[in-house]
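For reference, the chains in residue letters:
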Amino acid sequence: MFAASSDRTRRFLFEILYFWGLGGAVQALFAPDIGFHGFPEMKYLGYFISHGTIILSVLFAAAAYRIQLTWRSLVRAAVVTNIALVLAYGVNQLLRLIPPYEPGNYFVMGYPVPQGSVIDLFAAWFGPSPRYVIGLELMGVVVFSLLWLPYPLARLARRRREARTGSSRS
């Protein structure tokens, strides 16, 4: 009983780690938020090492545990992400009640970052917060789908390979 429960928990945690870890860390490496810090400053090194380590850890876990992501994995990760977004939005609003009486910006749902980002585009298209979260949701669907895509493609390639080798033996 505990082994099955443990396997389900491991699978669930891997799914969240995979989508959040790879989705977030890859974007962070492509659009770093380190201000004016450059190589070889510690903030620069720490930023790239920590985000690179997240990616390596997820890839290692994918290879070591050999967990196959399914369509349900994608849906579960999206549901958990949206639950986290709702909770973070609530925290952002509650922070208005505490001095300095400003909203929080967890998950960048309170306001776009001052350095500029894709959120500025979403704010132009959909309007100010919380409406630009629609753009974040759409971006999340695209990113999660792209991260999930290698799994069904690998299954398809494996089936084709097996069909080829199975038909050549007959």
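Figured I'd write up the structure that's included with this text.

About the criteria used
By convention here, each chain's residues receive numbers from 1 onward along its written sequence. Totals for whole chains, interfaces and linings use all residues, but because this is a predicted model, local features are given only for residues with pLDDT of at least 70 and pairs of side-chain atoms are given and counted only at 80 or more. With hydrogens and water excluded, all non-hydrogen atoms of the structure serve as input to the side-chain values. Strands here mean DSSP runs of E at least two residues long; helices mean DSSP runs of H or I at least four residues long; both are numbered from the N terminus. Just to be clear, the radius of gyration here is over C-alpha atoms, and the globule rule we use is 2.2 Å times residues to the power 0.38. Any residue under 20% of the maximum accessible area for its type is buried, any over 50% is exposed, and the rest in between are partly exposed; the area is computed with a 1.4 Å probe on protein chains only. The contact definition used throughout considers only heavy atoms, calling two residues in contact when any of these lie within 4.5 Å. Only the protein chains shown count as cover for residues, and the accessible areas themselves come from Shrake-Rupley with a 1.4 Å probe. One side-chain nitrogen of Lys or Arg within 4 Å of one carboxyl oxygen of Asp or Glu is enough to make a salt bridge. Helix axes are fitted only over the stretch in contact, all axes being lines through C-alpha atoms; the angle between N-to-C directions runs from 0 to 180 degrees. Geometric relationships in this document are graded by angle, where less than 35 degrees denotes roughly parallel, more than 145 denotes roughly antiparallel, 65 to 115 denotes roughly perpendicular, and other angles denote oblique. Should the near helix be turned anticlockwise from the far one by less than a right angle, the crossing is termed left-handed; should it be turned clockwise, right-handed. In this classification, the charged set is Asp, Glu, Lys and Arg, the nonpolar set is Ala, Val, Leu, Ile, Met, Phe, Trp, Tyr, Cys and Pro, and all remaining amino acids, among them Gly, are polar. Here, nonpolar core means buried Ala, Val, Leu, Ile, Met, Phe, Trp, Tyr and Cys residues that are tied together by side-chain atoms lying within 4.5 Å of each other.

### Points about the overall build of the protein chain
- On a plain count of helices and strands, the protein chain comes out with six helices and zero strands.
- For 170 residues, the compact-globule estimate of 2.2 N^0.38 gives 15 Å, and the C-alpha radius of gyration of the protein chain, at 20 Å, exceeds that figure by more than 25%.
- Projected onto its principal axes, the C-alpha coordinates of the protein chain cover approximately 75 × 40 × 40 Å.
- Of all 170 residues assigned to the protein chain, the portion counted as buried reaches 25%.
- Taking contacts inside the protein chain between residues at least 6 apart in sequence as the whole, the part at least 24 apart equals 56%.
- Here the protein chain displays about 11600 Å² of accessible surface, and carbon together with sulfur accounts for 70% of that area.

### Quick notes on the pattern of salt bridges
- In the structure shown here, the tally under the stated rule is three salt bridges.
- Here Glu15 and Arg11 are joined by a salt bridge, their closest N and O atoms 3.4 Å apart. One end of the pair is Glu15 and the other is Arg11, both in helix H1 (residues 2-30) and four residues apart, which spans about a single turn.
- For Glu15, the salt bridge goes to Arg76, with nearest N and O atoms at 2.8 Å. In this pair, Glu15 is assigned in helix H1 and Arg76 in helix H3 (residues 71-94), connecting sequence segments 61 residues apart.
- Take Glu15: its relative accessible area is 0%, and that puts it in the buried class.

### Considerations on unusual backbone geometry
- Residue Phe39 is joined to Pro40 through a cis peptide bond whose omega torsion reads 5 degrees.
- Residue position: Pro40 is located in the loop between H1 and helix H2 (42-65).
- Across the junction of Ser129 and Pro130, the peptide omega takes the value 5 degrees, indicating a cis bond.
- Tracing the chain through its elements places Pro130 in the loop between helix H4 (118-126) and helix H5 (133-148).
- Positive phi, normally seen in glycine, also occurs at Arg66, with a value near 50 degrees.

### What to know about the packing of H4 against H5
- Two numbers describe how H4 lies on H5: the axes approach to 8 Å, and their chain directions differ by 125 degrees. It follows that H4 is oblique to H5 by the angle criterion. Considering the relative orientation of H4 and H5, their crossing is right-handed. Residue-level inspection shows Val118, Ile119, Phe122 and Phe126 of H4 in contact with H5, the latter providing Ile134, Gly135, Leu136, Leu138 and Met139.
- Counted by class, the contact of H4 with H5 contains eight nonpolar, one polar and no charged residues.

### Points about the nonpolar core
- With 19 residues, the main nonpolar core has Phe14, Tyr18, Phe19 and Leu69 as its most contacted residues.
- Listing elements by their share of this core, those giving two or more residues are H1, H2, H3 and H5.
- With six residues, the top contributor of residues to this core is H1.
- Leu85, Ala88, Ile119 and Val133 belong to the second-largest nonpolar core, a separate cluster that totals eight residues.

Keep in mind that these numbers describe shape and distance, not what the molecule does.
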